[in-house]
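Okay, here's what each chain looks like letter by letter:
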Amino acid sequence: MANNIFQSEQQPPRANINIGLDDLTDVKCDECGSEYFRVVMLMKRLSPLVSPTGKEQVMPLQIFRCDDCGHVNEVFIPKRQLKE
């Protein structure tokens, strides 16, 4: 039997876990405490030097903004964006 070269990359099967709503905790806005968020897009530019097409590209990143006050929790901001 031949060795499967992809065998080391295979993941073990996951156990079926039943998760109920009581097991979840609410995410709240860090500013106003609201539990409601709206999906918004953070737009990033990709340099032509690293773009697969050789042309500048604009790439959308989906993030969540508080529906009441407009604040974006730090947990929703891509890590690289936090440094800027």
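A brief look at the structure comes next.

Procedures and definitions
Residues numbered from 1 in each chain as written. Predicted model: local features only at pLDDT ≥ 70, side-chain atom pairs only at ≥ 80, totals over all residues. Heavy atoms only, no water. Phe/Tyr/Trp six-rings, centres within 6.5 Å; stacked < 30°, edge-to-face > 60°. Helix = DSSP H or I, 4+ residues; strand = E, 2+ residues; numbered from the N terminus. Buried < 20%, exposed > 50% of the residue type's maximum accessible area, 1.4 Å probe, protein only. Patch = residues over 30% accessible without salt bridge, like charges linked within 9 Å, V, L, I, M, F, W, Y side chains within 5 Å. Areas by Shrake-Rupley, 256 points an atom, 1.4 Å probe, with all protein chains shown as cover. Salt bridge = Lys/Arg side-chain N within 4 Å of Asp/Glu carboxyl O.

Here we take up the packing of aromatic side chains. What the rule picks out here adds up to 2 aromatic pairs. Seen in terms of ring centroids, phenylalanine 37 and phenylalanine 76 are 5.3 Å apart; in terms of plane orientation they differ by 75 degrees. Their pairing is edge-to-face. Placement of phenylalanine 37 in strand β1 (residues 37–46) and of phenylalanine 76 in the loop between β2 (57–66) and α1 (79–83) is noted, with a sequence separation of 39 residues between them. The class of phenylalanine 76 is partly exposed, set by a relative accessible area of 21%.

So, about a nonpolar patch on the surface. A surface patch of nonpolar side chains, amounting to about 450 Å² of accessible area, comprises Val39, Met41, Met43, Val58 and Phe64. If you list the elements that add at least two residues to the nonpolar patch, you get β1 and β2. With 3 residues, β1 is the largest single contributor of residues to the nonpolar patch. With respect to the element layout, phenylalanine 64 can be found in strand β2.

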